[in-house]
Every structure is written in structure tokens, then in C-alpha cells.
Amino acid sequence: MTTQLFSVRTVLALLLMSAALASCNIGSYDDALKRYNNSLPPPPPPPPPPGAGFGPNFSEIQAAVFTPNCATASCHSSGVMAGGLNLEVASSYAMLYQIASSQDGGVQRVNPGNPDLSYLITKLEGPGASGQQMPPGGPLPQADIDVIRLWITNGAIDDTAQPSVPVRVQTLSPMPGAALTAPPSQIIAGFTRDLDASTVNATTFILEDGLGAGIAAAVAPAVGGNPQTAIFDLTGIALADGSYTVRLLGTGASVIMDLDANALDGEYFAGLPSGNGAAGGDFVAQFTITTPVVIGPTLEQIQTVIFTPTCASGGCHSAGSMAGGLNLSDADTSLAQLVGMPSANPAQAGEIRVIAFDPNNSYLIKKLENAAGISGQQMPLGGPPLSASDIGHIRQWIMDGALP
């Protein structure tokens, strides 16, 4: 009986020892010891971050990057066209591929095969020739930019299907109906299909002024090798304020054609692309130029900022002292005592204090600038000379007619 009890206890002890050894995970300890002794390689590194969620194809880049990040209401949309660039679906390829940047004219927005020479990449990696890194809401992940780089490296191909309908106008810069505050340097027309370059010229791509007179300028089809683009070059041509009409001809003896000899489907119905689905029809759109009127400094502003604190001080050109017979204490008095009035200095007989439209011959400017041949001290007396900016404001007021 005692022997049997001993045997049972021995078996139980062995089982407990086995369980304890198993719980110690001898294999894990051995592996750790080997690693400590550099006899095992280090564990593998963590997996790389996920790549872009789109491929190096124009259609995917448009959907994943341009449309949500760039073609927004306040940036590269048809309504704003920041930097002269519209990145909406219908326009982006024609306005990117081998088109010179408006901010850095020596660099193409997309230079096929050369991402490092493409202004698009420069702006995405930041900051570019001017302005800030794009998009304004925050930079793209480098993985996304690398996909765009690969698309450019592979030739920047437009993988969207060519339509079977005749060629149509897809985009125009300036946009139809645009109200510009400065003359454009070029007019860019983008089309839905490759053009027959021989049909794009000064007889089919026309710019007219408000009186219907044509403006002679160079027309360049397939600009930079882009077969879907044409440019009306206005370099060196100053367009005056007024209304202008762009005509791209699809009807008549000379018309713009695609490579299948289809005439331009050009009718414009207040939306792009143009056309009614049938070959033929002129594209006609207008834009206006209105240069803002720059209003120069007024006498009230000059009086408040310069004459009152600097000249009409207690011992100089105030009502109480009137040094040199001149009172500059308020705007009405200054006007009456300056414009067309002779200097009271006997040594400067014949000098007129202010000659409207003629600052150079106005005695006031000569005294402020200490011109040669003018007697006495430079004004203002007892203080530093006025800054070039302040004198420039007074000059501009005189140049504008020295008005009240």
C-alpha cells in the first residue's frame, strides 16, 4: 500500500514539473539567449506605410487628386482659375500637358518624361517660383506625389477615351464671359480630340475687338507638342479696356478639323464642351478687360498724415506763425495757399508753390527735396526730411491735378 502511494505521488510530481517547464517557454528563452549572443538575425522591420490609393494614370490622378484637392471653388476651378489654371475634369489635361506655367514661363506645367522639370511637381513638393506649396489645405503625401511623378515619367499620357463625336472646344482661357482686370498674354483653347494642326491658324482662330476689328497675332497649334491645344499669342500686344470676341471656326471655307477630317462642333450654349453633336458650327465667346482705376492720395489724406503733424506745427506753417507767409493748418487753407500761388520768398520770385499736373516745377516739391538753386533750408524745418514715399504721395496729388 505504501509503495503504491509513493508511485502515485511520484507520477503527480512529474506531471506538475512538466507543466511548470512548459509554462517557462524554454524555446522562447533559448531564442532570446541566441539573439543576445548575436547568433540569430534581428526581427524584421515593420511594414512600409501604405502607398497611394490610385495608379499612375491621368484618369485616376484626376479623380483622386485634382478634383477633390485642386478644382475647388476658390482655386483651380472655372470660376477662379488661380494662376490661369483650370483643373476641372473637362479642362485639366489640355491646360497641363506641355503648357508653360503662368508663374514661371520657362517651365512647362507638365513636361512629359521629366517630372523634375514639371512645374506641377514643383508646386506639389513646394513652394514653386512664387506663392505657397499646393494644395493650400496641406501637402499631399509623398506617396501620392510619387504616383504623379511616375505618370509624368511614363509620358503623361491621357488615358481617357477619345470620343467618337467630332472635335469640340473643351476649355478656353480666359473663360467665356470672363471679366478681366488686366490684359491676357495669350488665349489658350483646349479641344476634346487631337487637331489637324494645319487647320489651326489665323483664319480659323480669331480675336476681335469691340468694333469687330481683327487683332493680328501669331496662332500656334499643338503648342509644345500637345495635339489638343492651340494658343493665340498676345506677347507684345497691348489690349485696351473693352469687350473682345474669340472665334474658333467650324463653318465656312476654312475650319478647324480633327484628325478624322471632322469640322469643329463649335456651337457654344453657355457650357463646355461646345457643340450640338454634329460637325460644323462656330465657337463664339466674349470676355472683357476693365483696368481698375487707381485713385491717388487726396489732399485730405496728405493734410492729415503730413501737413498737420509735420508742417503746421507751432513755430512754422500754422495759423499763428505762417512762416514764409504760408498757412498749412487745414485742407481748405492749404489748397487756397498752395495751388497756383506764388512763393512769398523774395529770393525765389517767380516760383509757384504748386503747379497742377507739374510736380517738378512746383516750389513745394523743390523745398521738400532741397532742389539745387532753392534758397533757405530743406523743409520741414527742424526735423528730418520727409521720406521718399511721403514726397511721392504729394507728387502724385499734384500730378493728378492738385484737386481738393
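Structure's up top.
Everything in this summary refers to the structure shown in the same document. (Residues numbered from 1 in each chain as written. Predicted model: local features only at pLDDT ≥ 70, side-chain atom pairs only at ≥ 80, totals over all residues. Heavy atoms only, no water.)

## Quick look at the overall build of the protein chain
Part 1: If you tally the helices and strands in the protein chain, you get 10 helices and eight strands.
Part 2: Within the protein chain, contacts between residues at least 6 apart in sequence are counted, and of these 56% link residues at least 24 apart. (Helix = DSSP H or I, 4+ residues; strand = E, 2+ residues; numbered from the N terminus. Contact = heavy atoms within 4.5 Å.)

## Considering the pairing of strand 7 (residues 242–248)
Part 1: Relative to strand 7, strand 4 (residues 205–208) runs antiparallel, the two sharing four bridges. Bridge pairing links Ile-206 to Arg-247 in strand 7.
Part 2: Pairing analysis gives seven bridges linking strand 7 to strand 8 (residues 283–289), with the strands arranged antiparallel. By the bridge assignment for strand 8, Thr-245 is matched with Gln-286. (Pairing = 2+ DSSP bridges.)

## So, the sheet that holds strand 6 (residues 229–233)
Each strand in a sheet pairs with its neighbour through backbone hydrogen bonds, running either in the same direction (parallel) or in the opposite one (antiparallel).
Part 1: Strand order in the open sheet formed by four strands is 1-3-6-5, and the pairing between neighbours is antiparallel. Taken across any chain shown, the strands that pair with only one partner, and hence form the sheet edges, are strand 1 (169–173) and strand 5 (218–221). Taking each pair of neighbouring strands and ignoring which way they run, the sheet shows an average axis angle of 15°.
Part 2: Pairing geometry for strand 1 and strand 3 (residues 186–191), over four bridges, is antiparallel. Within strand 3, the position partnered with Ser-173 by the bridge is Ile-188. (Axes fitted to C-alpha atoms, helices over the stretch in contact; angles between N-to-C directions.)

## Focus: unusual backbone geometry
Part 1: In this chain, Leu-272 is followed by Pro-273 through a cis amide linkage whose omega measures 0°.
Part 2: Looking at the element boundaries, Pro-273 is found in the loop between strand 7 and strand 8.
Part 3: A cis geometry characterises the amide bond from Met-379 onward to Pro-380, with omega recorded as 0°.
Part 4: Residue position: Pro-380 is located in the loop between helix 9 (363–369) and helix 10 (388–399).
Part 5: We note that Ala-156 has phi near 55°; this positive angle belongs to a residue other than glycine.

## Focus on the pattern of salt bridges
Part 1: Taken as a whole and assessed by the stated rule, the structure comprises seven salt bridges.
Part 2: A salt bridge links Glu-208 to Arg-247; the nearest nitrogen and oxygen atoms lie 2.9 Å apart. Of the two residues, Glu-208 sits in strand 4 while Arg-247 sits in strand 7, which places them 39 residues apart along the sequence.
Part 3: Between Glu-369 and Arg-395 there is a salt bridge; the shortest N-O distance is 3.0 Å. Placement of the pair is Glu-369 in helix 9 and Arg-395 in helix 10, with a sequence separation of 26 residues.
Part 4: For Arg-395, a relative accessible area of 23% translates into the label partly exposed.
Part 5: A cluster of three or more residues bridged by salt bridges with shared partners is formed by Asp-116, Glu-125 and Arg-149. (Salt bridge = Lys/Arg side-chain N within 4 Å of Asp/Glu carboxyl O. Buried < 20%, exposed > 50% of the residue type's maximum accessible area, 1.4 Å probe, protein only.)

## A few points about the state of the cysteines
Part 1: Taken as a whole and assessed by the stated rule, the structure comprises zero disulfides.
Part 2: In this structure Cys-70 is not part of a disulfide, and its nearest cysteine sulfur, from Cys-75, lies 6.9 Å away.
Part 3: A relative accessible area of 9% places Cys-70 in the buried class.
Part 4: Cys-316 takes part in no disulfide bond, and the closest cysteine sulfur, belonging to Cys-311, lies 6.9 Å away. (Disulfide = S-S within 2.5 Å.)

## Structural notes on the sheet that holds strand 8
Part 1: Strand order in this open sheet of four strands is 2-8-7-4, and the pairing throughout is mixed. Two strands close off the open sheet at either side, each with one partner strand: strand 2 (179–180) and strand 4.
Part 2: As paired strands, strand 2 and strand 8 are joined by two bridges and run parallel to one another. If you follow Ala-179 over to strand 8, its bridge partner there is Thr-288.

## Considerations on the nonpolar core
Part 1: If you look at the biggest cluster of nonpolar residues, it comprises 28 residues, and the most contacted ones within it are Ile-187, Phe-191, Phe-205, Leu-207, Leu-248 and Phe-287.
Part 2: Those elements that provide at least two residues to this core are strand 1, strand 3, strand 4, strand 6, strand 7 and strand 8.
Part 3: Among the elements that take part in this core, strand 8 stands out by supplying four residues, more than any other.
Part 4: Ignoring any residue separated from it by four or fewer positions in sequence, one finds Leu-248 in contact with Val-169, Ala-189, Phe-191, Thr-204, Phe-205, Ile-256, Leu-264, Gly-281, Asp-282 and Phe-283.
Part 5: In terms of nonpolar packing, the next biggest core, distinct from the first, is built from 26 residues, Phe-54, Phe-58, Leu-85 and Met-175 among them. (Core = buried A, V, L, I, M, F, W, Y, C linked by side-chain atoms within 4.5 Å.)

## Comments concerning helix 7 (residues 299–311)
Part 1: Taking 1.5 Å of rise per residue, 13 residues should cover 18 Å, yet helix 7 covers just 14 Å from first to last C-alpha, more than 12% shy of that figure.
Part 2: Considering bend angle alone, the principal kink of helix 7 is centred on Val-305 and spans about 25°; proline Pro-309 follows within four residues of it.
Part 3: Within the sequence span of helix 7, burial applies to Leu-299, Ile-302, Gln-303, Ile-306, Phe-307 and Cys-311.
Part 4: Contact partners of the buried residues in helix 7: helix 8 (331–338), helix 9 and helix 10. (Expected span 1.5 Å × (residues − 1). Bend = angle between axes of the 7 residues up to and from the residue.)

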